[in-house]
Amino acid sequence: MKELEALNLPDNIGYTDDHEWAQITGETVRIGVSDYAQDQLGDIVFVEMPAVGDQFSKGDEFGTLESVKAVSELYIPMSGEVVAVNTALEDSPELINEDPYAAWIIEIKPADAGEYQQLHTAAAYLDLLKG
Amino acid sequence: MGQNMNITPLHSWHVNQNANMAAFGGYEMPLWYPTGAKAEHLAVITGAGLFDTSHMAVLSLHGPAVRALLQRCFSKDLERCIGPQKLPLIAGRCVYGVFLDTAAGVIDDAIVYQYGDEAYMIVVNASMGGPITAHLRSEQGDTPGAMISDHTDQVGKMDLQGPASARILKRILKDPAAVFEKMIYFSFKGSFNADLLPAEPVYLLDGTPVMVSRTGYTGEFGFELFVAPRHIDTLWHQLLAAGEPDNIVACGLAARDSLRAGAVLPLSHQDIGPWRFGCNPWLFVLPHSENGTTFTKDFIGAPALEAKGDIPCTLPFAGYDPRKIPVSDKSLVTDQDGKPIGSILTCTTDMAIDRIDGAIVSLATPRENDRPESFTPRGLCCGFVRLERMLPAGTEVVLTDGKRKLKVEIRDDIRPDRTARKPMQSML
């Protein structure tokens, strides 16, 4: 497993307690899981994603990540409607292990863009991981 | 690391490799290395993987009464267990079976190795050295003629598994031709301690005595290697270096679990355990007579096994994609109408297999046997369920954790084209 200092935690995204990230990309928000999450899970073998058009409130479960040893629920960092899912993950779930930030999972149209401000910064998220 | 957690001599190597470590059988062991469990699993199907298995326990048994003791306690009939002709166990051969209690519950599974008429070695699971030693001593009672010693943590063991295993091992053995001659499945040569268990010696090129057993627990071709603990580090590194041309990888327990599940091998205390043995894929460990109606010997658990009455059935299953239902308090098996019919014992993903038109194909499936040229399996969920009653292969049942539902198929077998029994000469 990676040392905490070795984790890749970009500054331009917001993090949740549950190790998801959100990145504002114009009108929409892309959502994925952090380097810490993929490292802890190990090889990801399947990603269960919602359908385009599904509505979620912040904190709702929107899918699951299947790794070799576990099944982990994905919780949405911000409320909104799914406008795209990353279909590349259907055949290549390992993209999340290779680069968890390039491999976004869903893209949403946020219901309240202000919710982004409630997410952790990279520094705050690292503090959280350090416990 | 938790208090009272045991470690193997390779523990610091695992940690230095940044392995994901976890508790297993009282030992802190690697689940996977940065290579990842999927690559580790696939290496054993297509090349070679090396597993630290020094957490397993070794017993030695000496004396004129040992064979009779094993006949009473071990499920296999040592007088009728070798090959299709059911010949007696002899020096240089080993057999897999289980130790049952009087209620026919499984205390542990084991491999019994015969060194001589009065010298045997038994390998049991991690932390079971003490309990099995105590069980055997208690069955022996005050009757002389059997000295039973528990060598837990005094033997180094590692498993070299995969089709490249013999080619790799050959590079570090002093006389590979002699070692590999007539080395059939479930035979062994050499000793890790010639004073304790004398045998025709096998040496590494550097002179280290080693015991080479053509066994393993992945369903694939390979060896279990036993050395004195002070040699384990050297042997581990020699194998990793010798295996470089064949892309050998160190493998953790996650790959071992997914490989053995796909090979329909039970994990003791999970798929077999303290419930009445029977109605499962492993009845071959019992000493059935030729017509299958009686046992060829009397042994502990036999009356309970012969008792009438329906018992739950443990059956292999495979799904249709890699998705799993983790085993938990909430997980269960239902029929297609949602009626509970049993529990999940093992649920993992065999990453080397996928379905093509419904049939399961493995990366090891020969091209001429329907493996497409570009076959990149996504993996299939598989494992064992314990159901109220027998269901025929092909029946679909549903695994659920109360929330997600996963349709899987009851199977006779899971991963096809396994290599464990391939002739030695074809693997060199």
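Use the structure listed above.
Scope of this entry: the structure provided in the associated data block. (Residues numbered from 1 in each chain as written. Chains lettered and ligands numbered in written order. Predicted model: local features only at pLDDT ≥ 70, side-chain atom pairs only at ≥ 80, totals over all residues.)

**Here's the deal with the overall build of chain B**
- For chain B, the count of helices and strands is 9 helices and 21 strands.
- In terms of its C-alpha atoms, chain B occupies a principal-axis envelope of roughly 60 × 55 × 50 Å.
- Per-residue burial for chain B yields a buried fraction of 48% across its 428 residues.
- Residue pairs in contact within chain B that sit at least 24 positions apart in sequence constitute 72% of those at least 6 positions apart. (Helix = DSSP H or I, 4+ residues; strand = E, 2+ residues; numbered from the N terminus. Buried ≥ 20, exposed ≤ 12 C-beta atoms within 10 Å, placed from the backbone. Contact = placed C-beta atoms within 7 Å.)

**Things to note about the environment of B:Q161**
All names here are of chain B.
- Checked against the element boundaries, Q161 lands in strand β9 (residues 156-161).
- The sequence separation of Q161 and E118 amounts to 43 residues, and the corresponding C-alpha distance is 30 Å.
- Those residues in contact with Q161, other than ones at most four positions away along the chain, are V44, A48, G49, F51, G216, T218, E220 and G222.

**Topic: unusual backbone geometry**
- With a phi angle near 75 degrees, A:H19 is a residue other than glycine that sits in the positive phi range.
- Here A:H19 lies in the loop between β1 (14-15) and β2 (20-25).
- Exposure remark for A:H19: the 23 C-beta atoms within 10 Å place this residue in the buried category.
- A positive phi angle is found at B:K182, which is not glycine, with a value near 55 degrees.

**Regarding the interface of chain B and chain A**
- At the junction of the two partners, chain B supplies 17 residues and chain A supplies 12 residues.
- At the level of elements, β2 (27-32), α2 (37-46) and α8 (253-262) of chain B are the ones that each hand at least two residues to the side of chain B that touches chain A.
- Among the residues forming the side of chain B that touches chain A, the class breakdown is 7 nonpolar, 6 polar and 4 charged. (Nonpolar A, V, L, I, M, F, W, Y, C, P; charged D, E, K, R; others polar.)

**Concerning the environment of A:R30**
All names here are of chain A.
- The residue R30 is located in strand β3 (residues 28-33) in this model.
- Separated by 35 residues in the primary sequence, R30 and L65 have C-alpha atoms spaced 16 Å apart.
- Apart from residues lying up to four places away in sequence, R30 is in contact with Q23, T25, W104 and E107.

**Some thoughts on the sheet that holds strand β10 (residues 188-190) of chain B**
Residue and element names in this part refer to chain B.
- A sheet is described by the order of its strands in space; here 6 strands give the open sequence β10-β11-β12-β9-β3-β13, paired in mixed fashion. For this open sheet the edge positions go to β10 and β13 (249-251), each flanked by a neighbour on one side alone. Direction aside, the axes of adjacent strands within the sheet are offset by 20 degrees on average. (Pairing = 2+ DSSP bridges. Axes fitted to C-alpha atoms, helices over the stretch in contact; angles between N-to-C directions.)

**Things to note about the sheet that holds strand β5 (residues 94-100) of chain B**
All names here are of chain B.
- Strand order across the open sheet formed by 5 strands is β5-β6-β7-β4-β8, with antiparallel pairing between neighbours. Strand pairing shows two members of the sheet lacking a second neighbour, β5 and β8 (147-150), which therefore form its edges. Averaged over neighbouring strand pairs, the angle between their axes works out to 25 degrees when direction is ignored.
- Across 4 bridges, the pairing between strand β4 (residues 57-62) and β8 is antiparallel. Along β8, the bridge assignment pairs L59 with D150.

**With respect to the packing of helix α3 (residues 66-73) of chain B against helix α4 (residues 129-140) of chain B**
All names here are of chain B.
- Contact geometry of α3 with α4 gives a least axis separation of 10 Å together with a crossing angle of 110 degrees. It follows that α3 is roughly perpendicular to α4 by the angle criterion. Seen from α3, the contacting residues are L69, R72 and C73; seen from α4, they are L136, E139 and Q140.
- Of the residues assigned to the contact of α3 with α4, the class counts are 3 nonpolar, 1 polar and 2 charged. (Parallel < 35°, antiparallel > 145°, perpendicular 65-115°, else oblique.)

**Some points on the packing of α2(B) against α8(B)**
Residue and element names in this part refer to chain B.
- Contact geometry for α2 and α8: axes closest at 8 Å, N-to-C directions at 50 degrees. With respect to α8, the axis of α2 lies oblique. As α2 packs across α8, the resulting crossing turns out to be right-handed. Contacts between α2 and α8 involve A37, E40, H41 and V44 from the former and A254, A255, S258 and L259 from the latter.
- Taken together, the residues of the contact of α2 with α8 break down into 5 nonpolar, 2 polar and 1 charged. (Left-handed = near helix turned anticlockwise from the far one by under 90°.)

**Focus: helix α7 (residues 232-242) of chain B**
Residues and elements named next belong to chain B.
- For α7, the complete set of buried residues consists of I232, L235, W236, L239 and A242. The buried residues of α7 all sit within an arc of 140 degrees when viewed along its axis, so they share a single face.
- Looking at the packing, one finds that the buried side of α7 touches β3 (49-52), β9, α5 (165-170) and β12 (222-227). (Arc of directions from axis to C-beta.)

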